[in-house]
Amino acid sequence: MAIIQLIISFLLAFSQILAPINTVITAGGEDSFFTEWSQDKQFTEDDYEVLVKNPEKDFVILNITDVQLSDGEVYGDMGARSNAIITKLVEDTQPDLITLTGDNAWDTMAYIELVNIIDSFGIPWAPVMGNHDGQGCVSEFWCCELFMEAENCLFRYGPKDMGYGNYIINIMDNGSIIHSLFMMDTHSNRDYYLNDGVVLEDEYDHLWPNQIKWFKWAVNGISEIEGKVVDNSVFIHIPVYEYREAWAAAWDEENQCYRPEYAETSFGINNEWVCSDPVNNGCFDVFKANGTKNIICGHDHVNSSSILYEGVRLTYGLKLGEGCYYDEDLIGGTTLTIDSTGNTVTEHHYYDLADF
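These numbers were taken from a predicted model, which means no experiment stands behind them. (Residues numbered from 1 in each chain as written. Predicted model: local features only at pLDDT ≥ 70, side-chain atom pairs only at ≥ 80, totals over all residues. Heavy atoms only, no water.)

1. Quick look at the overall build of the protein chain
Which entries qualify depends on this criterion: Segments assigned H or I by DSSP are reported as helices when at least four residues long, segments assigned E as strands when at least two residues long, and all are numbered from the N terminus. Restricting the calculation to C-alpha atoms gives the radius of gyration, and the globule rule supplies 2.2 Å times the number of residues raised to the power 0.38. Note on exposure labels: buried denotes an accessible area under 20% of the residue type's maximum, exposed denotes more than 50%, and partly exposed covers the range between, all computed with a 1.4 Å probe on protein chains only. Using a 1.4 Å probe, accessible areas were evaluated by the Shrake-Rupley method; residue-level cover was limited to the displayed protein chains. For the charge count, each Lys or Arg is scored as positive and each Asp or Glu as negative, with His and the chain ends excluded. Every charge is mapped onto a representative atom, which is NZ of Lys, CZ of Arg, CG of Asp or CD of Glu.
Looking only at helices and strands, the protein chain has 10 helices and 16 strands in total. Whereas a compact globule of 356 residues would reach a radius of gyration of roughly 21 Å, the protein chain reaches 20 Å, a difference of no more than 12%. Considered along the principal axes of its C-alpha atoms, the protein chain spans approximately 60 × 55 × 50 Å. The proportion of buried residues among the 356 residues of the protein chain is 55%. Accessible area of the protein chain: about 15000 Å², with a carbon and sulfur share of 50%. Put simply, the protein chain has 17 plus and 58 minus side-chain charges, and the middle of one group is 7 Å from the middle of the other.

2. Remarks on the packing of aromatic side chains
The relative placement of two aromatic rings is captured by the distance of their centres and the angle of their planes. Short version of the rule: When two rings of Phe, Tyr or Trp (its six-membered ring) have centres within 6.5 Å they constitute a pair, described as stacked for plane angles under 30 degrees, edge-to-face for angles over 60, and tilted for the intermediate range.
Summed over the entire model, instances satisfying the criterion amount to 22 aromatic pairs. Ring geometry for Trp251 versus Tyr258: centroids 5.1 Å apart, planes at 90 degrees, classification edge-to-face. Both residues of the pair, Trp251 and Tyr258, count as buried. Aromatic ring contacts, followed pair by pair, group Phe33, Phe34, Tyr111, Trp125, Phe141, Phe147, Phe155, Tyr157, Tyr164 and Tyr167 into a single cluster.

3. Description of the packing of helix H5 (residues 108-120) against helix H6 (residues 140-149)
To keep it simple, the criterion reads: The axes are straight lines fitted to the C-alpha atoms, using for helices just the contacting stretch, and the angles between their N-to-C directions are given from 0 to 180°. Working definition: roughly parallel below 35 degrees, roughly antiparallel above 145 degrees, roughly perpendicular at 65 to 115 degrees, and oblique for all remaining angles. Should the near helix be turned anticlockwise from the far one by less than a right angle, the crossing is termed left-handed; should it be turned clockwise, right-handed. Contacts are assigned to residue pairs with any non-hydrogen atoms lying within 4.5 Å of each other. Amino acids are sorted into nonpolar (Ala, Val, Leu, Ile, Met, Phe, Trp, Tyr, Cys and Pro), charged (Asp, Glu, Lys and Arg) and polar (every other residue, Gly among them).
Interhelical geometry of H5 versus H6 gives an angle of 20 degrees and a closest axis separation of 10 Å. Classified by the angle between their axes, H5 and H6 sit roughly parallel to one another. As for the relative orientation of H5 and H6, their crossing is right-handed in sense. Counted together, Thr108, Tyr111, Ile112 and Val115 of H5 and Trp142, Cys143, Leu146 and Phe147 of H6 form the full contact between these two elements. Tallied by class, the residues present in the contact of H5 with H6 amount to 7 nonpolar, 1 polar and no charged.

4. Re the sheet that holds strand S1 (residues 49-52)
Quick note on the threshold: What makes two strands pair is DSSP finding at least two bridges between them.
Here 7 strands make up an open sheet; going across it, the order is S1-S5-S6-S9-S12-S14-S13 and the pairing mixed. Here the strands that pair on one side only, and so sit at the sheet edges, are S1 and strand S13 (306-309). On average, each strand axis in the sheet is tilted by 20 degrees relative to the strand beside it, whichever way the strands run. Relative to strand S12 (residues 292-297), strand S9 (residues 232-235) runs parallel, the two being bridged by 4 bridges. Bridge pairing in S12 links Asn232 to Thr292. Contacting strand S5 (167-173), strand S6 (176-183), S9 and S12, helix H7 (residues 209-226) runs over the sheet at an angle of about 170 degrees to S6. Lying over the sheet, helix H8 (residues 242-250) contacts S12, S13 and strand S14 (312-316), oriented at roughly 90 degrees with respect to S13.

5. Some remarks on a negative patch on the surface
Put simply, the rule reads: Like-charged residues are merged into a patch within 9 Å and nonpolar side chains (Val, Leu, Ile, Met, Phe, Trp, Tyr) within 5 Å, provided each residue has over 30% relative accessible area and no salt bridge. Just to be clear on terms, a salt bridge is a Lys or Arg side-chain nitrogen sitting within 4 Å of an Asp or Glu carboxyl oxygen.
A surface patch of negative charge is lined by Glu328, Asp329, Asp352 and Asp355. For Asp352, the position within the fold is in the segment after strand S16 (344-350).

6. Topic: the nonpolar core
Heads up, the condition is: The set of buried Ala, Val, Leu, Ile, Met, Phe, Trp, Tyr and Cys residues whose side-chain atoms join them within 4.5 Å is what this entry labels a nonpolar core.
Ile64, Leu97, Tyr111, Ile118, Trp125, Ile169 and Leu181 are the most contacted members of the largest nonpolar core, which has 58 residues in total. Leave out the neighbours within four places in its chain, and Tyr111 touches Asn104, Ala105, Met129, Asp133, Cys137, Trp142, Cys143, Leu146 and Phe147. Core analysis: the second largest hydrophobic core is formed by 40 residues, Tyr48, Met172, Ala246 and Tyr258 among them.

7. Things to note about the sheet that holds strand S4 (residues 125-128)
By definition, the strands of a sheet pair up through backbone hydrogen bonds, in either a parallel or an antiparallel sense. Strand order in this open sheet of 5 strands is S4-S3-S2-S15-S16, and the pairing throughout is mixed. The sheet is open, and its two borders are formed by S4 and S16, each paired with just one other strand. Averaged over all pairs of adjacent strands, the angle between strand axes in this sheet comes to 20 degrees, irrespective of strand direction. Taken together, the 7 bridges between strand S15 (residues 332-338) and S16 define a ladder with antiparallel strand orientation. Bridge pairing links Ile338 to Thr344 in S16.

8. A look at the pattern of salt bridges
What the rule picks out here adds up to 9 salt bridges. Asp96 serves as the salt-bridge partner of Lys57, at 3.1 Å between the closest nitrogen and oxygen. On the criterion of sequence distance, the pair formed by Lys57 in the loop between S1 and strand S2 (59-64) and Asp96 in the loop between helix H4 (77-93) and strand S3 (97-101) is long-range, its members being 39 residues apart. Salt bridges linked by common partners bring Asp285, Lys288 and Glu310 together as one network.

9. Points about the environment of Tyr193
Positionally, Tyr193 belongs in strand S7 (residues 189-193). Setting aside residues up to four positions removed in sequence, Tyr193 forms contacts with Val198 and Val199.

Pasting the structure below:
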């Protein structure tokens, strides 16, 4: 039955599959979809999206990560359960924005199905790319064009030569920017050449130097608009290197609990090694010095820790569904709630697969 449904869905979605291909052919290549950027460029309102917070309530962001279903799974029980959990999360949390922190789907039809269900809620949504996005699909650009064509998606390609999808969403309340969201591409894999001549082959990539410069430029631009540094949150796929240091500092391995100095501000558990880039690229120090209060990532499916480390909350978004590998006790989504002063609260929302 799932195979028949896959074939029928493929035929029905054929025009949707071809549309991104036709778009890039007509435009004469991918470069035209990206913006030109330099540090000398004036930061303007064209450089960000705006969402207006209802002054009567907190602004709720629902983060979904690593759905990562294949075409062979999306039309079976796994796909049905994933869709049901997404729907339940939206009903329970009533978000003002839905974010996706990468590894959204493996294959072409699974990607289309995920985009269609997220867009169907009529809620603004904003994805970033993971290291597996584009695999099994036409291309990574094709995935991005699906986002661009979705009615409620805020995705932007962003500056050229920084990967796919580096963009900013400013949350406004009573005419002021109260919190900025930075959506950034941590890419896939690369080789690292160390000073002692050692080569680390095919390790996880992360933010590039020009992305870090772009972040600082944008923070400065927003600060000029508001007359102060505005708090911000960064949404990425691959965790920053400091996720390793934060877990080592906060978790008492012998007693299997958070150390006293972290116990009141930390929650969640890590069941696998932090799969960050192997060499610290310095982005955390830049974030910390420029108003970042939260970093939310995906990537490590059976980790759910959220640790306040050196003034920045480092959170693993809770994995949604059974795609790839998973822990049945760590299924669901994560909310980031922003109040009128720009302060945030992070919470995991757990679901039992047996209920779906």
